Structures are given as structure tokens and as C-alpha cells.
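Structural overview
Residue strings, one per chain:
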Amino acid sequence: MKKTILTLTAIVFAFSTFANDILTLNNEMVFEGKVKRIKDCAIVFKSEGNKYIVPASEIYSIEFENAEDKVYTNYLEMQADEENKCFNARLDAENYHGKKGGHFVLGVLFGPFAIIGTALANPTPEKGRQTYMMSKNKDQFSDPEYLSCYRKKAKGQLIGMEALGWGAWILLVLAL
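So, here's what we can say about the structure.

Rules of the game
Residues numbered from 1 in each chain as written. Predicted model: local features only at pLDDT ≥ 70, side-chain atom pairs only at ≥ 80, totals over all residues. Heavy atoms only, no water. Core = buried A, V, L, I, M, F, W, Y, C linked by side-chain atoms within 4.5 Å. Buried < 20%, exposed > 50% of the residue type's maximum accessible area, 1.4 Å probe, protein only. Helix = DSSP H or I, 4+ residues; strand = E, 2+ residues; numbered from the N terminus. Pairing = 2+ DSSP bridges. Axes fitted to C-alpha atoms, helices over the stretch in contact; angles between N-to-C directions. Parallel < 35°, antiparallel > 145°, perpendicular 65-115°, else oblique. Contact = heavy atoms within 4.5 Å. Nonpolar A, V, L, I, M, F, W, Y, C, P; charged D, E, K, R; others polar. Phe/Tyr/Trp six-rings, centres within 6.5 Å; stacked < 30°, edge-to-face > 60°.

Overview of the nonpolar core
Counting 11 residues, the largest nonpolar core is built from L23, L25, V35, I38, I43, F45, V54, I59, I62, F64 and V71. Among the secondary structure elements, those contributing two or more residues to this core are β1 (21-25), β2 (30-39), β3 (42-47) and β5 (59-63).

Printed below as a string of C-alpha cells:
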């Protein structure tokens, strides 16, 4: 009797150690590993000892091995939201926020001061007239998660354009 119980315990333990989540990407590549956490439009996936951060836009499906895993329950809660707020915010900021050409010119004229000014700014969808008019996500404009992701993306884009302008000014000065 002891041998039977010991054998069954060993078999259950062996299967539980080989339990893997299956991640399928949009390009039909399949990976086995463990989903460690889900964060800001991406998942942290560990496979063969390496840790990967995979954007949600690249994921076709995730199959969880353990239905009682905390990461899985968080995933279900996130799926319960009809739309991914962070993803929507980033798209809105990328497509509609700010006059990127104007920020390039600010970078040329004012260099690091323009970058500092934008870093201290607080971009919101309401301040961007084009975002307010064109976005289909107006119902999410007051959501803290949406606003946080929107600010990060809008600031990043505008600071990037100002840095390009400043770099162009430096190259122009060096060329002369």
C-alpha cells in the first residue's frame, strides 16, 4: 500500500513540475513556459530559463496549465474588461496627440529647455483637440489607467521629436 501511495505521489509531482503554460504568437510561433505576470499591455513569460516581455499586441492566445493560478485569475479579470485601456490610450496618444513637427522645431530652437518643458507637462486627451474629436475611447478619458498610459506615450513621442530637433541643430552647427 505504501508503494502505491508513494508511486502515485511521485507521478502527480512529476506532472506538476512539467506543467507549462502555452503562449501562441500572432505569427503562429508556439512557446511553452510559465506566465509570471501580466502588466501594462504585456506579459512576462519565462521559458527555458530566460525571461521575456511579450507585448499583448503580439499574442494570439495563452493556454494556462493551472486554472487556479493567481496570474490566470488576473488574466481572466483583464479579459473581462471589454477593451484594454492601456492599449487604447497608447494608440490614441500615438495617432492624435500633439503636433510632432512643432515639437521638432521647438527642439531646434530651444533644445534641452523644450525637452524639460515637455517632461514637466501633463498631457491629457482633453488638452489634445484632435484626440478629443477623433478618439472612440471618450468614455475612458477619466480612467486612471488610461490616463497614465496616455501620458507616458504622449510625453515619450513629443520628447523624442524635440530630441531629434536638438540633434539636428547640433549637427547643423557642427557642419558649419
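Once you've had a look at it, read on.
Focus on the pairing of β3
With five of six residues buried, β3 is to be regarded as a mostly interior element. As paired elements, β2 and β3 share five bridges and run antiparallel to each other. For V35, the partnering residue across the bridge sits in β3 and is F45. When β3 meets strand β4 (residues 50-55), the two strands line up antiparallel, connected through six bridges.

With respect to the packing of helix α4 (residues 100-110) against helix α5 (residues 112-120)
The geometry of a pair of packed helices is captured by two quantities: the angle between their axes and the separation between those axes. As a packed pair, α4 and α5 sit with axes 6 Å apart at the nearest point and diverge in direction by 130 degrees. In terms of orientation, α4 lies oblique with respect to α5. Where α4 approaches α5, its residues H103, L106, G107 and F110 are matched on the opposing element by P112, F113, A114 and T118. Per-class residue counts for the contact of α4 with α5 are five nonpolar, three polar and no charged.

Section: the packing of aromatic side chains
Following the criterion strictly, the structure yields two aromatic pairs and no others. The interplanar angle of 20 degrees and the centroid separation of 6.2 Å between the aromatic rings of Y146 and Y150 together place this pair among those described as stacked. Of this pair, Y146 and Y150 are both found in helix α7 (residues 144-175), four residues apart, which corresponds to roughly one turn of the helix. Judged by its relative accessible area of 0%, Y146 is buried. Note on Y150: relative accessible area 0%, which makes it buried. An aromatic cluster is present here, built from F141, Y146 and Y150 joined pairwise through their rings.

Limitation: the analysis is restricted to geometry and does not speak to function.
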